[in-house]
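Summary of the model geometry
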Amino acid sequence: MATFGGDEVSALVLDVGSCWTRAGYAGEDTPKAVFPTSYGYIAEAETAAPNIDEDTIMKNVDSDAPKVQDWDALEKIWDHALDKRLQVDPTEHPLFVTEAAWNTREIREKLTEIAFEKYRVLAFYVAKNPVLSAFATGRPTAVVLDCGHSTTSCVPVVDGYVLKKGIYKQPVAGDFLSEQIMQQFQKLNINVEPHYLIAKKTVVEADQPAVVVYRDRPNTTESYHKYMQMRVIHEFKESVCQVFESTYNELVIAARPMKTFEFPDGFNTSFGVQRFDVPEILFNPPKFIMQPDRPSFDTKSMLGVHQMIYNSVSACDIDVRPLLLNNIILTGGTTLLPGFADRVNYELSMMLHGMKIKLHAPGNTIERKCSSWLGGSILASLGTFHQLWISRKEYEDQGAMIVEKKCE
Amino acid sequence: MTSNDVRDILELHSKPLNSTDNPTPSKKANKSEKEKKPDGIPRELFQLIGGPPPIAFVKPAFKAKPNLRKKAVHWEWQSFTNQGRGEDDQLTLHHWVKCTPTSESEDSGYWFAEYNKKIDILKYDDEEYEKYLTDKDWTKEETDYLFKLCDKYELRFIVIHDRYEYKERSMEDLKDRYYSVCKKLLQVRPPEGSDKGALIAMNTYDKAKEEKRKKHMCALYLRSPEEIKEEEALLEEYERIEQNEKKFAKERENLLKLLSFQELAQPKRKKSLLSGPTTPTMEVGNSNFHTSTEVPKKNRRTSASSVGSAVIEAEVHNAPITARKEKFPQGVVVRSSKIPLPKQTMILKVQKTLQEFGLGIDMINYICGPRPSIPTETVCARWVDLQKAIQTLLDVKKAVEKADHELKAKKALLQKIKQNGLGSASKSANSGDAGGKQSDVTASVSGDGGGGDESSVVPTKRERITLTTTPRDAKRARK
C-alpha cells in the first residue's frame, strides 16, 4: 500500500459542475454518484421537491459562475450528494471539494464555512478543477482546456499551481451549443417535443410530418419544458453533431454522409452540413454564432478554443511554453464531440509552427467527463496529501480565511 | 538374480527402481521418438532443428485454489496523527492498517510525514537589510513580500511571478532581486561550510543575459511559417555546402598526397598538409597556396623542369639522410628486406620505370620487387625515396589523364551551352557564367601568379576548378 504512496482515509470527493455533480469516495476510479446539478421546487413552498416532476420549477446551480448565485441551492446539492446518494455522515469524513480556477476568495471562504459549520466535516480541502484534471492524467504541468456545459476555460497549470494570468474563459460551451441547435431547429421549422408530452407515436417516412398523440399536461412549468427539451437536444448533439477535422469547408463537408435523427414525436430527418455547423462555433465563433437572445452576449469577442489555448500559453513565461504545449489536456463533455481533438491539434499546429504539440484526451468517456473528480479522488487518497487538509482546529483558530492560505 | 532381471522377465519396463538404474532404455526411447522425421524436411535440416518445437513452455495449470484454511489477514481501522502537520494541530484521521505482529513499532510516526520537505529560504533581519541590502528600486516591504512568496511557492518563479501583486515587475526583476539578496547575504555572513563559494556561484544571476535569452526564445516562438521554411532551407543548404566542402577537402587531400613527394625530404611539414600545401609542385599548380616563404627558392625553380629530375635534385639538396632515425629489429636482417614494397598493383609499373632509368635490372625479383644492388643504408634510403617518387609520378600521370578527360568533357559542355544558349537572357547569363569559368581555368593554367581571393578556406567553385586543373598544369610544366 505504502509503495504506491496511497493512504486512504475515506475522504469524500464532491465535484459540483455546472451540469453534473459527481460525488464519491477518494481512491475510487469513478464517482459513486453522478446526478444533474439541477433541482426542482414547487412554486408556492419554494422548497425542493422530492421528485422532479412537471409541476416543479427547474433550477440550475451554476457553480462555474463568478458568483454562486444560490447558496441554498448549492447546499441542497451537497445535501443530496451526501445524504441521499452516498448516505454518509459528513462528520466522520474529510471532505474534498473542487472549484473553478477563477473562484473568488469570498466563495471559497463561504464554502469552507458551510463545510465546517453546517456539515461539521472532519477536515476540508478545496482544489481547483484544472489542477485536478492535470493530476488525473498524471501531470503536474499542463494547459487544461475544459469545455463543459456552461463554460469553456483554458487554464495553464505549472507544478500544480494555476497560473492566474493565463486563465481564459468564455460562456461558449455545451449549453450554448444546445441553444444554438434549438435556434437552428426553429429556422428549419422543426418542433422539438420532449418525451414527456408524447403519448403515442407512429413510424413515419423521413421528412414526413409526425403522426403523434400528445399527452395533456396543463400544469407544466416553462422551465421544466425547457429542461426536457434540452435533454432531446443533448441527445441530438451527442449522436449527430460532429466537428470537422480541418478548416471548415462546406464542399468537403457536403460529401460526408448524412446522419438521421428521430425526434421523440417520430419525425425523422437527415442532417448533413448542419450537423457540422453548430460545433464549428467552438472554433470560429464570430462567423457561426446565430445571435442568441442572451443579454450582453458579445459574439465578436468570443474566441475559438484553439485561440484560447494559444492565448493561455502565450500568457505564460517563455520557458514553460514548450512544456505546456506538450501537455494540452482536453476535458469536459463537449470535447467528446467526434473530431474535436483532431481539430484542436490541426488548428494549433497551424498557429504554432515548429513547436511540438501534444494533446492528451482520455479515451475513456468517464475520465473525460469526470476528470476533475478523478484528480480529486487521486489527490485525496495520497498519503502525502493528508497534511494539507484544513482541520477543524485550524478553522476554529483562524476562521474561514485559512482556505486562502492552505488551498492554493 | 536381481530385481531388474525379474522385471525383464515380467516385461515391466515402465517402472525402473530409480533413474540411474535404467537410463539407457528411456534415452533410446526418446531418441527413437525424436528420429521420426516428418516427410518433406531434409534429414540435415531436421537434425539441425531437432524436431518440432514445443508448443508451449508453460504447463497449463488452473488458478490456484484460495487457501481457505489460512486465517485472513487482520486489518484494523486505526487513527493516526500526521507529524507533517503543525505541532499543535490535532487532526486525527483514520485508515486501515494491516496488523502483523512484527509491525508493532508503529509509533515511529506517520509514514508519509518524512516527505514533508521544505526548501530553506535565506532570512535577513532589519539591521542586515539596512546595512547591505538596500536598493533604490526596491523597498523593504516589497523585498519582504518577495521573500514571503519565494518561501510559499518554494522558488517556483513562474508561479511567484503569476501571484506577484505588489507592483508590476518582470520575472527577471524578481529573480535578480532574490538572487542578489542571497548572494549579498552569503558574502557578508561568516562562513559556515566550505562550499560557500559554490553557494555564491549558485546564487549568481545575470539579468541582462537572461533577458536577452528570453528575447531570443520569444523570437523563436513567434517564427512565421515562412521564416521556418527559410530556416530549414538554409539549414539544408548549409549541410549541402558542408558536405561539398568535405568532399572537396578529401579530393584536395588526395591531390596533395599525390603531389607531396617533397614531404619525404621535409617530414615535419606533413601535418600541415590540409592547412596549406608546402610542396613546390603545388606552388606551380595552384599559385593561391601561399607558403612560398617556407619553400626554398631553388625547389620552385627545379619543379619547372621534369618531375623526375626534380625529385632527385631535391633529394640531393635537401634530404638530411643522416638525420634519419632507424629502428633496428632484433637479430640479423638483410637491409634490403626493410625496403617497403610498392603497392601490389604498381610493382610491375615501378619496375618498368626503374628499368627505364637503368636501375635494379639485375635484381628483379617478382616476389619482393626490385632491390638495389648494394644496399647500404644511404642507398636503401635513396632507393625508398626513388620508389616513392616513381609511384607519385605514376599517380600524377593518372590524375593528369583524368583531369584532361574532364576538361575535354567540360569544354564540350561549354561548347554546347554556347551553341544553345545565346538566345534567351537567362541562358546567356548561364553561358556568361560558364565563360567566366572557362576564363578562370585558362587563367589558372597559364598564370602562376597570385590569385588573391581564392585563398579562403571554404572552397568556391572557382577554386575547385583551378584545383582540378593542377595536374594538367604540372604536366605542362613537365613538358
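Residues numbered from 1 in each chain as written. Chains lettered and ligands numbered in written order. Predicted model: local features only at pLDDT ≥ 70, side-chain atom pairs only at ≥ 80, totals over all residues. Heavy atoms only, no water.

A few points about the overall build of chain B
Threshold: Helix and strand definitions follow DSSP, with helices as H or I runs of at least four residues and strands as E runs of at least two, each counted in order from the N terminus. For each residue, the accessible area found with a 1.4 Å probe, counting protein chains only, is set against the maximum for its type, and the residue is called buried under 20%, exposed over 50%, and partly exposed in between. A contact between two residues is defined here by any heavy atoms of the two lying within 4.5 Å. In this description, accessible areas are obtained by the Shrake-Rupley approach with a 1.4 Å probe, and a residue is regarded as covered only by the protein chains that are shown.
The helix and strand tally for chain B stands at 18 helices and two strands. By residue count, 31% of the 479 residues in chain B fall in the buried class. Sequence separation of 24 or more characterises 55% of the internal contacts of chain B that already satisfy a separation of 6 or more. Carbon and sulfur atoms make up 56% of the accessible area of chain B, which totals about 33,700 Å².

Regarding the UniProt feature "coiled-coil region" (unreviewed entry) in chain B
Note the threshold: UniProt positions are given in the numbering used here, feature names are shortened, and annotations may be inferred rather than shown by experiment.
If you check UniProt for "coiled-coil region" (unreviewed entry), the listed places come out as residues 231-258 of chain B in our numbering. Between the end C-alpha atoms of residues 231-258 of chain B there is a gap of 40 Å, over a span that is 100% helix and 0% strand.

A short note on the pairing of strand E7 (residues 94-99) of chain A
The side chains of a regular strand alternate between both faces of the sheet. Residues and elements named next belong to chain A. Going by this rule: For two strands to pair, DSSP has to find at least two bridges joining them. With the strands aimed away from the viewer, a crossover counts as right-handed if its path from the first strand over the helix to the second runs clockwise.
Counting buried positions along E7 yields six of six residues, so the element is predominantly enclosed. Taking every second residue as pointing to the same face, both faces of E7 are buried, with Pro94, Phe96 and Thr98 on one and Leu95, Val97 and Glu99 on the other. Two elements, strand E1 (residues 12-16) and E7, share three bridges in a ladder whose sense is parallel. Residue pairing for E7: valine 13 is matched across the bridge by phenylalanine 96. Sheet analysis places E7 next to strand E8 (residues 123-128), joined by six bridges and oriented parallel. Paired with proline 94 across the strands is alanine 123, a residue of E8. Note on the crossover from E7 through helix H2 (residues 105-118) to E8: the handedness is right-handed.

Let's talk about the packing of helix H3 (residues 129-136) of chain A against helix H13 (residues 371-380) of chain A
Residue and element names in this part refer to chain A. Selection criterion: Lines are fitted to the C-alpha atoms to define the axes, a helix being fitted only along its stretch in contact, and any angle between axes, read from their N-to-C directions, falls within 0 to 180 degrees. In these notes the angle categories are as follows: under 35 degrees is roughly parallel, over 145 is roughly antiparallel, 65 to 115 is roughly perpendicular, and the rest is oblique.
Interaxial distance between H3 and H13 falls to 7 Å at its minimum, and their mutual angle equals 75°. Between H3 and H13, the interaxial angle falls into the category roughly perpendicular. Each of Asn129, Leu132, Ser133, Phe135 and Ala136 in H3 lies in contact with H13, whose residues at this interface are Ser371, Ser372, Leu374, Gly375, Gly376, Ile378 and Leu379.

With respect to the nonpolar core
Put simply, the rule is: Nonpolar core, defined: a set of buried Ala, Val, Leu, Ile, Met, Phe, Trp, Tyr and Cys residues in which side-chain atoms within 4.5 Å join the residues together.
If you look at the biggest cluster of nonpolar residues, it comprises 82 residues, and the most contacted ones within it are Phe185, Phe263 and Phe340 of chain A together with Tyr178 of chain B. A total of seven residues in this core trace back to one element, the largest contributor, which is helix H7 (residues 171-188) of chain B. Setting aside its immediate chain neighbours within four residues, phenylalanine 185 of chain A contacts Ile190, Val192, Ile233, Phe236, Phe263 and Phe271 of chain A. Ranked by size, the runner-up nonpolar core spans 53 residues in total, among them Val13, Val88, Leu132 and Ala380 of chain A.

Things to note about the pattern of salt bridges
Formally: For this document, the term salt bridge refers to a Lys or Arg side-chain nitrogen within 4 Å of an Asp or Glu carboxyl oxygen.
The tally for this structure, following the rule as stated, stands at 33 salt bridges over all chains. Where aspartate 15 of chain A meets arginine 22 of chain A, a salt bridge forms, and the shortest distance between an N and an O atom there is 3.0 Å. Taken together, the shared-partner salt bridges in this structure form one network comprising Asp317 and Asp319 of chain A together with Glu172, Glu210, Arg213 and Lys214 of chain B.

Quick notes on the sheet that holds strand E19 (residues 390-391) of chain A
Residue and element names in this part refer to chain A. Reading across the sheet, the six strands line up as E3-E2-E1-E7-E8-E19 and stay open at both edges, with mixed pairing between neighbours. Here the strands that pair on one side only, and so sit at the sheet edges, are strand E3 (33-36) and E19. By the bridge criterion, four bridges tie strand E2 (residues 20-25) to E3 in an arrangement that is antiparallel. Directly across from alanine 23, in E3, lies its bridge partner alanine 33. The strands touched by H3 within the sheet are E1, E7 and E8, with E8 carrying the most contacts at an inclination of about 85°.

Let's talk about the interface of chain A and chain B
For the record, the criterion: Note on terms: buried area is the combined drop in 1.4 Å-probe accessible area of two parts once they are placed together, counting the loss on both. Definition of a polar contact: a pair of N or O atoms within 3.5 Å, with one able to donate and the other able to accept a hydrogen when the atoms are protein atoms, and with sequence-neighbouring residues admitted only if both atoms are side-chain atoms.
Each partner contributes to the interface: chain A provides 45 residues, whereas chain B provides 38 residues. Taken over both partners, the interface formed by chain A and chain B buries close to 3,400 Å², and the fraction arising from carbon and sulfur atoms is 58%. For the interface between chain A and chain B, the tally reads five salt bridges. Of the charged contacts in the structure, one is a salt bridge between lysine 214 of chain B and aspartate 319 of chain A, with a shortest N-O distance of 3.7 Å. Across the chain A-chain B interface, the total number found is 16 residue pairs in polar contact (both at pLDDT 80 or more).

Digging into a nonpolar patch on the surface
Residue and element names in this part refer to chain B. Threshold: For patch detection, residues must exceed 30% relative accessible area and be free of salt bridges, and they are connected within 9 Å for like charges or within 5 Å for nonpolar side chains (Val, Leu, Ile, Met, Phe, Trp, Tyr).
On the surface, Val73, Trp75, Trp77 and Trp96 cluster together to form a nonpolar patch covering roughly 430 Å² of accessible area. Its location among the elements puts tryptophan 75 in strand E1 (residues 75-81). Using a relative accessible area of 38% as the deciding quantity, one classes tryptophan 75 as partly exposed.

Observations regarding the packing of helix H9 (residues 305-314) of chain A against helix H11 (residues 340-351) of chain A
Residue and element names in this part refer to chain A. Convention followed: Two helices that cross are described as forming a left-handed crossing if the nearer one is turned anticlockwise from the farther one by less than a right angle, and a right-handed crossing if clockwise. In this count, Pro and Cys sit with the nonpolar residues alongside Ala, Val, Leu, Ile, Met, Phe, Trp and Tyr, while Asp, Glu, Lys and Arg are called charged and the others, Gly among them, polar.
Packing of H9 against H11 brings their axes to within 9 Å, and their N-to-C directions diverge by 50°. The angle between H9 and H11 falls in the class oblique. Seen along the crossing, H9 lies across H11 with a hand that is right-handed. Across from Val305, His306, Gln307, Ile309 and Tyr310 in H9, the residues of H11 making contact are Phe340, Val344, Glu347, Leu348 and Met351. Of the residues that constitute the contact of H9 with H11, the class distribution is seven nonpolar, two polar and one charged.

Brief notes about the packing of aromatic side chains
How we decide: Aromatic contacts are taken between Phe, Tyr and Trp rings whose centres are within 6.5 Å, Trp giving its six-membered ring; a plane angle under 30 degrees counts as stacked, one over 60 as edge-to-face, and the others as tilted. Note on criteria: charge over ring means Lys NZ or Arg CZ within 6 Å of the ring centre, with the direction from the centre no more than 35 degrees off the ring normal.
Under the definition given, this model contains 33 aromatic pairs over all chains. On the numbers, 5.6 Å between centres and 45° between planes, the contact of tryptophan 78 of chain A with tyrosine 119 of chain A is tilted. Of this pair, tryptophan 78 of chain A sits in helix H1 (residues 71-86) while tyrosine 119 of chain A sits in the loop between H2 and E8, and the two are 41 residues apart along the sequence. Here tryptophan 78 of chain A matches tyrosine 119 of chain A in class, with each residue buried. Pairing phenylalanine 96 of chain A with tryptophan 389 of chain A gives two aromatic rings, centres 6.3 Å apart and planes at 90°, and the pair type is edge-to-face. Of the two residues, phenylalanine 96 of chain A sits in strand E7 while tryptophan 389 of chain A sits in the loop between H13 and E19, which places them 293 residues apart along the sequence. Pair check on accessibility: phenylalanine 96 of chain A and tryptophan 389 of chain A agree, each one buried. Above the face of the tyrosine 221 of chain B ring, arginine 321 of chain A is positioned so that its terminal group lies 4.5 Å from the ring centre. Taking NZ or CZ as reference, arginine 169 of chain B lies 3.9 Å from the ring centre of tryptophan 138 of chain B, over its face.

Brief notes about the pairing of strand E2 (residues 92-98) of chain B
All names here are of chain B. Judged by which residues are buried, E2 turns out to be one-sided: Leu93, His95 and Val97 face inward and are buried, whereas Thr92, His94, Trp96 and Lys98, on the alternate face, are not. The sheet contact formed by E1 and E2 spans seven bridges and is antiparallel. Bridge pairing in E2 places tryptophan 77 opposite tryptophan 96.

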